[in-house]
Amino acid sequence: MPQILRYLLTMLWGAVAALAAYLCLRPWRRKRLTDRGLVSPALREAALCLFWMFCGGMALLTLTPRWTVSSFVDMLHGYPWNAGQQPFFRWGSYNLSPLRTFRQDKLILLGNLAMFIPFGFFTALLWRGWSRRRALLTGFSITAFVECWQLLVGRAFDIDDLLLNTLGVCCGHLLWRLLRRIRPKLTEKFHCQGQEYDKSEYSHD
């Protein structure tokens, strides 16, 4: 099975778990918005749900040991969970030499860049005030946490991944800026709006 397909199938498990969490928390979220006099449009809710699912899939893919990918794929084929004798936590490897990975596998480089584009795009699309600087700091913080965590679960801390993932978040933010320039009214539909009341309902005099 191609490696990319294995990754996508693994992300599916995390996406389903994130979808369940989104649905469970939605009533609580809607109440909080109502208390603040806000309403979340259906288009925003759909995009938010998609972003939750993506984050769930990415969390499972990036924050677990490599053997979990094979285990989750095997489960989709009807085999029982088999993690073997490998521990969840064990010390991994690291690369602190910039550009070393760049020269090895161009496909992996493109993957690391593309995987983090949604973090920059959806955060700016769904929440107001998401500036370029905030996108850069958020992207760096997220990928730095992922890389440090991978060092603890037998994977690798790679400075090139840190750079590429942060660049991917910035590219996602630039993609949102482009969309906002082309279709500004469309991007506004993805933000929370103030509740609109029909005044005729309260006209009893």
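Coordinates for the structure precede this section.
Just so it is clear, the structure is predicted and the values come from calculations on it, not from any experiment. The numbering scheme is per chain: residues are counted from 1 as the chain's sequence reads. The predicted nature of this model means local features are confined to residues of pLDDT at least 70 and side-chain atom pairs, given and counted, to a pLDDT of 80 or more, with totals for whole chains, interfaces and linings taken over all residues. Side-chain measures here rest on the full set of heavy atoms in the structure, leaving out hydrogens and waters.

Asks: Just give me the short version of the overall build of the protein, but keep the residues and values in it.
Replies: We count a stretch as a helix when DSSP gives it H or I for four or more residues in a row; a strand needs E for two or more, and each element gets its number in order from the N terminus. On a plain count of helices and strands, the protein comes out with eight helices and four strands. Element order for the protein, N to C, with α for helix and β for strand: α-β-α-α-β-α-α-α-β-α-α-β. A 1.4 Å probe rolled over the protein chains alone gives each residue an accessible area, and that area as a share of the maximum for its type sets the label: buried under 20%, exposed over 50%, partly exposed in between. Expressed as a percentage of its 205 residues, the buried residues of the protein come to 38%. For every accessible area listed, the method is Shrake-Rupley and the probe measures 1.4 Å; residues are considered covered only by the protein chains on display. For the protein, the accessible area works out to roughly 12,900 Å², and carbon and sulfur atoms hold 65% of it.

Asks: Give me the pattern of salt bridges: which residues, what numbers.
Replies: Salt bridges are defined by distance alone: a side-chain nitrogen of Lys or Arg within 4 Å of a carboxyl oxygen of Asp or Glu. Counted according to the given criterion, the structure contains four salt bridges. The closest approach of N and O atoms between R29 and E45, which form a salt bridge, is 2.9 Å. Residue R29 is located in helix α1 (residues 3–35), and its partner E45 is located in helix α2 (residues 42–62); the two are separated by 16 residues in the primary sequence. Comparing R29 with E45 shows no difference in burial state: the two are buried. Each of R26, R29 and E45 takes part in salt bridges that share partners, so that together they form one network.

Asks: Any details on helix α6 (residues 132–152)? Residues and values, ideally.
Replies: Helix span, as expected, comes to 1.5 Å for every residue beyond the first. Taking 1.5 Å as the rise per residue, α6 with 21 residues should run 30 Å; its terminal C-alpha atoms sit 31 Å apart, in good agreement. Inspection of α6 places A135, G139, T143, A144, V146, E147, Q150 and L151 among the buried residues, and these make up the whole buried set. For α6, the angular spread of buried residues about the axis comes to 165°, placing them on one side. Facing away from the buried side of α6, by more than 90 degrees, are the exposed residues R133 and L137. Against the buried residues of α6 lie α2, β2 (93–95), β3 (156–158) and α7 (159–182). Downstream of α6 by a residue or two, G154 has a phi angle that is positive, lying close to 80°. In this context, the arc is that of the directions from the helix axis out to the C-beta atoms. Note on definitions: a residue-residue contact is assigned when non-hydrogen atoms from the two residues lie within 4.5 Å.

Asks: Can you explain the layout of surface pockets? Please cite residues and give values.
Replies: Residues are said to line a cavity or pocket when one of their atoms sits within 4 Å of a point; the points come from a 1 Å grid over protein atoms alone, cavities being sets where a 1.4 Å probe fits but cannot get out and pockets being open sets with protein on both sides within 12 Å along at least five of seven lines. Grid points are joined across faces, edges and corners, and a volume is the space filled by probe spheres set on the points. Reported here for the largest pocket is a volume of approximately 780 Å³. Forming the boundary of the largest pocket are 27 residues, of which Y7, I108, G111, N112 and M115 lie nearest the centre. Looking at the lining of the largest pocket, the elements with two or more residues in it are α1, α2, α4 (106–115), α6, β3 and α7. Looking at the second largest pocket, its volume works out to about 330 Å³. In terms of lining, the second largest pocket is formed by 14 residues, of which the most central are L33, R36, R44, W127 and C192. Secondary-structure elements contributing two or more residues to the lining of the second largest pocket are α1 and α2. At four residues, the largest contribution of residues to the lining of the second largest pocket is made by α1. Here the residues of the lining of the second largest pocket are counted per class, giving eight nonpolar, one polar and five charged. Following the grouping adopted for this structure description, the nonpolar residues are Ala, Val, Leu, Ile, Met, Phe, Trp, Tyr, Cys and Pro, the charged ones are Asp, Glu, Lys and Arg, and the polar ones are all others, Gly among them.

Asks: An account of the environment of E45 is needed here, citing residue identities and associated values.
Replies: On the basis of relative accessible area, E45 is assigned to the buried category, the value being 6%. Separated by 23 residues in the primary sequence, E45 and Y22 place their C-alpha atoms 10.0 Å from one another. When neighbours within four sequence positions are excluded, E45 is seen to be in contact with Y22, R26, R29 and S40. Polar contact criterion, stated in full: a pair of N or O atoms within 3.5 Å, where within protein one must be able to donate a hydrogen and the other to accept it, and residues adjacent in sequence count only if both atoms are side-chain atoms. One polar contact links E45 to Y22, side chain to side chain, over a distance of 2.6 Å.

Asks: Describe in detail the nonpolar core, supporting the description with residues and values.
Replies: Among buried residues, the Ala, Val, Leu, Ile, Met, Phe, Trp, Tyr and Cys ones that are joined through side-chain atoms within 4.5 Å form a nonpolar core. In terms of nonpolar packing, the biggest core is built from 22 residues, with M58, F119, F122, L125 and L126 touching the most fellow members. If you tally residues by element for this core, the top one is α2, at seven residues. Filtering out sequence-adjacent residues up to four positions away, F122 remains in contact with A47, L50, F51 and W127.

Asks: For the packing of α1 against helix α3 (residues 67–76), give the residues involved together with the corresponding values.
Replies: To get an axis, fit a line to the C-alpha atoms, keeping to the stretch in contact for a helix; angles then go from 0 to 180 degrees between the N-to-C directions. α3 packs onto α1 with a crossing angle of 80° between their chain directions and a minimal axis gap of 9 Å. If you check the angle between α1 and α3, you find them roughly perpendicular. Here R6, Y7, L9, T10 and W13 of α1 come into contact with α3, specifically with V69, S70, F72, V73, M75 and L76. Taken together, the residues of the contact of α1 with α3 sort by class into eight nonpolar, two polar and one charged. If an angle is under 35 degrees, it is roughly parallel; if it is over 145, roughly antiparallel; if it lies from 65 to 115, roughly perpendicular; otherwise it is oblique.

Asks: Tell me about a nonpolar patch on the surface, residues and numbers included.
Replies: Together, F88, F89, W91, Y94, L96 and L152 make up an exposed nonpolar region whose accessible area comes to about 700 Å². Considering the arrangement of structural elements, one finds L152 in helix α6. Exposure above 30% relative accessible area and the absence of a salt bridge qualify a residue for a patch, where like charges join within 9 Å and nonpolar side chains (Val, Leu, Ile, Met, Phe, Trp, Tyr) within 5 Å.

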